[in-house]
Structure formats: C-alpha cells, structure tokens
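Overview (structure and organization)
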Amino acid sequence: MSDKIPEGNRSARERLAQQREREKGREKRRRTLIVASAVVGVLALAAVVGLIAANAGKDDGGDTASGPAVAPSGAIGEDALTVPVGAADAPSTLTIWEDFRCPVCAQFETAFKDTITELADDGQVKVEYHLATIIDGNLGGTGSLRAANAAACAQDAGKFAAYHDVLFANQPPEPDDAYGKNSRLIELAGEVEGLDTPGFRSCVEDGEHDSWVKKSDTAFREGGFQGTPTVLLNGESVFPSKGDEQISPENLKKWVAGANKGKKPGTATPSTPADGSSAPADPSSAPAS
C-alpha cells in the first residue's frame, strides 16, 4: 500500500494551515490595534494634562466678564458653582469638572454617559457638574466660555442635562473655536425640545452667566486639579483610574456599588424636570399662595 498522501488531502491540509496562519495574523493585528488605541487614549490625556501644566499661568483668553456672578437657577454648593443632576439624597456623589472644548471630556462623555445616567436615574449617585474654560486659555478663543454660559442658560430652562449632551456630541475639533459663536450654540439648542426660546437666546447673546463661568474656572484652577475631565467619586479621583484599576463602565458601577453597600438609593424627587436639571431653589421665585 502506498504511504503517499493523496493530492486532494494534501491540498485540504495546506489550505487549513494557511487559514490558521491568516487567523493568527488577524488576531495579532486586532490585539495590536487594541493596545494602540489604549496608548492613544493615555497620550491624549497626558497631552491635555501637559498642556494645562505648560500654560497654567496664561490668561483664560475670553473677554473679561464684569459685574457680579449670576448663578443659573438651581445651582448649589459653595458660591453656587455646582449644577446638580439626580436625587439630592443619593448615597454617593459623582463630581465632574468639564470643558466643552476639551476632546478628552467628549471621549469620557461618549464612553460613560449611559452609565452615569443609569446610576443617577436609579438613585445611586447624584452628579455635580462644574464648568471650566481651560482650552480657551491654552489655545485662545472663547468657545469654552460661550458654551459654558449657554449650558448655564439651558439650566435656567431646566434643560441642562440634555443640552450638555448635545454640546459634547457636536463638539468641534479642539483648535476650532466654533463654540465661540453664539449663533452655533443657539442652533444646537434646536436639538433640545423646548429650549430654543427668546429667553434662552437672550441669555446666550447677553452672556448672562459669563462671570459665573469665570468664577467656576477660577475655582478649578485654585482647586489643584490636573486636567479636564476631573472625575471624583465621593471626593476620590476615579479618572483615569482608581488605585490599580482603570476606569470603565463596569468598574464605575462596581465602585459605586461598593461605596453604597448597606445604603438605600436616593428617592427624594429632585426639584428638577425629568432631564435632571435643577429648578430654581430660591423660595422668592415661587408664586405667592
């Protein structure tokens, strides 16, 4: 009997071996891409941190806002610099410092928006947003200031959370100061139901909350934070990592669950509309009985 491998079998085996090699090559490229993406993310964060450090002494680049700081409706905390979202009695607090021109902030929002919304809606965390204007100072322009003022105007209308998400979803490239144009910010308000009103337009055009935004940015710079976004869970930094663990939607949920162990979820109905933005807290604004 001949011990030669039939030609048909040999061809099949060769094709199988070639297929295995191709699969190995694809898997290697996939792993390389994942690692490269992670490195790019780390470098992007490092670039933002380095840029802030290099320009820490620069002026913020916006027009000087004069007059008293006019806080948006429902702002809380020291000097009313915090925009709250979620139940006030939630057992944990997620503090987020952001700049609407900051590309890493947009990346963070893209990756974590749904998770944060879920945690807030379930009464696990109350989210406290703070606005900064770092990119204006680093690259020039007024987009950070103008967008933050517009977001504060949206807070007056009870639409902060929705407009906040629209601004990050439509963020221009970092060097592009498109948000320095009030017309663009008003155009984007059209994507939030009920926001594009004469009152909102006037608030944006007049820079009603400019001084408040600048005061918030000063608090950021004096707070010793290293960059935007700065994300704190109950005062502890969790971005880009907490201890030895990198932040991820799963890890954020795990950290919140650990912090909330044995505690009841928040149930207090926020003085806010369904989108999570605060309504005016000043009793004098309530109608007389």
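Note: the structure precedes this text.
Being a predicted model, the structure only gives us computed values, none of them experimental.

What follows concerns helix α4 (residues 143-156). A rise of 1.5 Å per residue sets the reference length of α4, with its 14 residues, at 20 Å; its end C-alpha atoms lie 20 Å apart and thus fit the reference within 8%. Counting buried residues in α4 gives 13 out of 14 residues, a clear majority hidden from the surface. Trailing α4 by a residue or two, G158 shows a phi angle of about 75°, which is positive.

Before going further, it helps to examine the packing of helix α2 (residues 103-121) against helix α5 (residues 160-169). Contact pair α2 / α5: the axes reach a minimum separation of 9 Å and the direction vectors enclose 120°. For the element pair α2 / α5, the angle class is oblique. Considering the relative orientation of α2 and α5, their crossing is left-handed. Contact with α2, carried on its side by C105, A106, E109 and K113, involves H164, D165 and F168 of α5 and no other residues of that element.

As a further point, take the packing of α4 against helix α7 (residues 198-206). One can describe the packing of α4 onto α7 by two numbers: an axis separation of 9 Å at closest approach and a directional angle of 150°. Put simply, α4 runs roughly antiparallel to α7. Pair α4 / α7 crosses with right-handed handedness. Here α4 contributes R146, N149, A150, C153, A154 and D156 to the contact with α7, which in turn contributes F200, C203 and V204. Here the contact of α4 with α7 is built from residues that sort into 6 nonpolar, 1 polar and 2 charged.

Taken together, the buried positions of α7 are F200, C203 and V204. For α7, the arc enclosing every buried residue in end-on projection is 95°, short of the 170-degree limit, so these residues lie on one face. Facing away from the buried side of α7, by more than 90 degrees, are the exposed residues P198 and D206. Its buried side turned inward, α7 meets α4, α5 and α6 (182-189). Looking one or two residues beyond α7, the residue adopting positive phi is G207, at roughly 60°.

Cut-offs applied
Counting restarts for each chain: residues are numbered from 1 in the order of the written sequence. pLDDT decides what is reported in this predicted model: residues at 70 or higher carry local features, side-chain atom pairs at 80 or more are listed and counted, and totals for whole chains, interfaces and linings draw on all residues regardless. In computing side-chain properties, one takes all heavy atoms of the structure into account and sets aside hydrogens as well as water. Here a strand is any run of E in DSSP of at least two residues, a helix any run of H or I of at least four, and the numbering for each starts at the N terminus. In this scheme, a helix's expected span is set at 1.5 Å multiplied by one less than its residue total. Throughout, exposure labels follow a simple rule: accessible area from a 1.4 Å probe, protein chains only, divided by the maximum for the residue type, with under 20% read as buried, over 50% as exposed, and the rest as partly exposed. Note on geometry: axes are C-alpha line fits, over the in-contact stretch for helices, and angles between N-to-C directions span 0 to 180 degrees. What sets the label is the angle itself: under 35 degrees gives roughly parallel, over 145 gives roughly antiparallel, 65 to 115 gives roughly perpendicular, and the rest give oblique. Note: crossing handedness is left-handed where the near helix turns anticlockwise from the far helix by less than a right angle, and right-handed where it turns clockwise. Should any heavy atoms of two residues lie within 4.5 Å, those residues are counted as being in contact. Amino acids are sorted into nonpolar (Ala, Val, Leu, Ile, Met, Phe, Trp, Tyr, Cys and Pro), charged (Asp, Glu, Lys and Arg) and polar (every other residue, Gly among them). The directions from the helix axis to the C-beta atoms form the arc being described.

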